[in-house]
Structure formats: structure tokens, C-alpha cells
Amino acid sequence: MSNQIEEFNAYRSKMNDKLLADNNKIVKRIFNLDTNAFAAGALDVKTKELLGLVASAVLRCDDCVKYHLESSYNEGVSKVEVMETLSIATLVGGTIVIPHLRRAYEYWEELENQQG
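Here the structure is a predicted model, which is why all the values come from computation and not from measurement.

> I'm lost on the nonpolar core in this one. Help?
Most often, soluble globular proteins keep nonpolar side chains buried together rather than apart. Leu53, Leu69, Val82 and Leu111 are the most contacted members of the largest nonpolar core, which has 17 residues in total. Those elements giving two or more residues to this core turn out to be helix 1 (3-21), helix 3 (45-58), helix 4 (62-74), helix 5 (79-93) and helix 6 (98-113). With 4 residues, the top contributor of residues to this core is helix 6. Not counting chain neighbours up to four residues away, the residues in contact with leucine 53 comprise Val65, His68, Leu69, Val82, Thr85 and Leu86.

Below, the structure written as C-alpha cells:
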């Protein structure tokens, strides 16, 4: 795994553990709702992750983009599918999304390179 991926996942895990250990009922419910929202239902997990990716890019949340890119990668999403999804996000979000598109592309390359 690349440093970028390792660092992101380590930090996310560490801080999630701290947040959940604080025993705040609202935070725990939001985390639970998020987990359940992305479980398979009428839409499969792959589709939900791509929807999450669009929303995250439009909202310009780089951490969220990374999370959904990695989840999409783990669901077997292809680079072509990711780029089509990110093109929709850029269309909807406008040119202000382009810096996030660059970082998303870079992170996807890291995900692909972790295998080779």
C-alpha cells in the first residue's frame, strides 16, 4: 500500500475510534446510519459508492472522495467507471471541483498501483 493510502486509512481509523469511544449517542447514530445507507438494498453497493463519490466531489470533501474511491475500488469498479462518475460530479459541481478531480485521479492511481 502506498503511503498516501496507509496514512489516510490509519488516521481515519484512529480518529473514528476516538470519536466512537467518546460515547456520543448522536455521533454513533450518524456513523451507524452511514454504514447502513451504503449496504446493499434496492441499489447494489457499487452503485451506492459511485453515488457517494459524486456527492463527495460536488461537496468538495477530499476525505470523503478518498473513502468512496477506495470502497469503489474494493467493489471492483473500473477506472473508466470512476472517471465517468467523476465527470458527472465535475459537470454538476462546476470547475471548482477540478482540483478535487485531480486529487481523486491521483488517489485512484495509488489504489491501482498498490496491486502492482
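> How should helix 4 be read in this particular structure?
Structural remark: α-helix, 3.6 residues per turn; residues separated by three or four positions point the same way. Over its 13 residues, helix 4 extends 18 Å from the first C-alpha to the last, a length consistent with the 18 Å expected when each residue adds 1.5 Å. Every buried residue belonging to helix 4 is among Val65, His68, Leu69, Glu70, Ser71, Ser72 and Tyr73, and all of these are buried. Where helix 4 is buried, its residues touch helix 1, helix 3, helix 5 and helix 6. Downstream of helix 4 by one or two residues, glycine 76 has phi in the positive range, about 90°.

> In this structure, what is going on with the pattern of salt bridges? I would like to understand it.
Pairing is possible between side chains that carry opposite charge, provided their charged atoms lie close to one another. The full count for this structure, using the stated rule, is 2 salt bridges. The partner of glutamate 81 in a salt bridge is lysine 46, and the shortest N-O contact between them spans 2.8 Å. With glutamate 81 in helix 5 and lysine 46 in helix 3, the pair connects residues that are 35 residues apart, well separated along the chain. Its relative accessible area of 25% is what places lysine 46 among the partly exposed residues. One salt bridge connects aspartate 62 with arginine 103, and the closest N-O pair in it is separated by 2.7 Å. With aspartate 62 in helix 4 and arginine 103 in helix 6, this residue pair connects regions lying 41 residues apart in the sequence.

Rules used throughout
- Residues numbered from 1 in each chain as written.
- Predicted model: local features only at pLDDT ≥ 70, side-chain atom pairs only at ≥ 80, totals over all residues.
- Heavy atoms only, no water.
- Core = buried A, V, L, I, M, F, W, Y, C linked by side-chain atoms within 4.5 Å.
- Buried < 20%, exposed > 50% of the residue type's maximum accessible area, 1.4 Å probe, protein only.
- Helix = DSSP H or I, 4+ residues; strand = E, 2+ residues; numbered from the N terminus.
- Contact = heavy atoms within 4.5 Å.
- Expected span 1.5 Å × (residues − 1).
- Salt bridge = Lys/Arg side-chain N within 4 Å of Asp/Glu carboxyl O.

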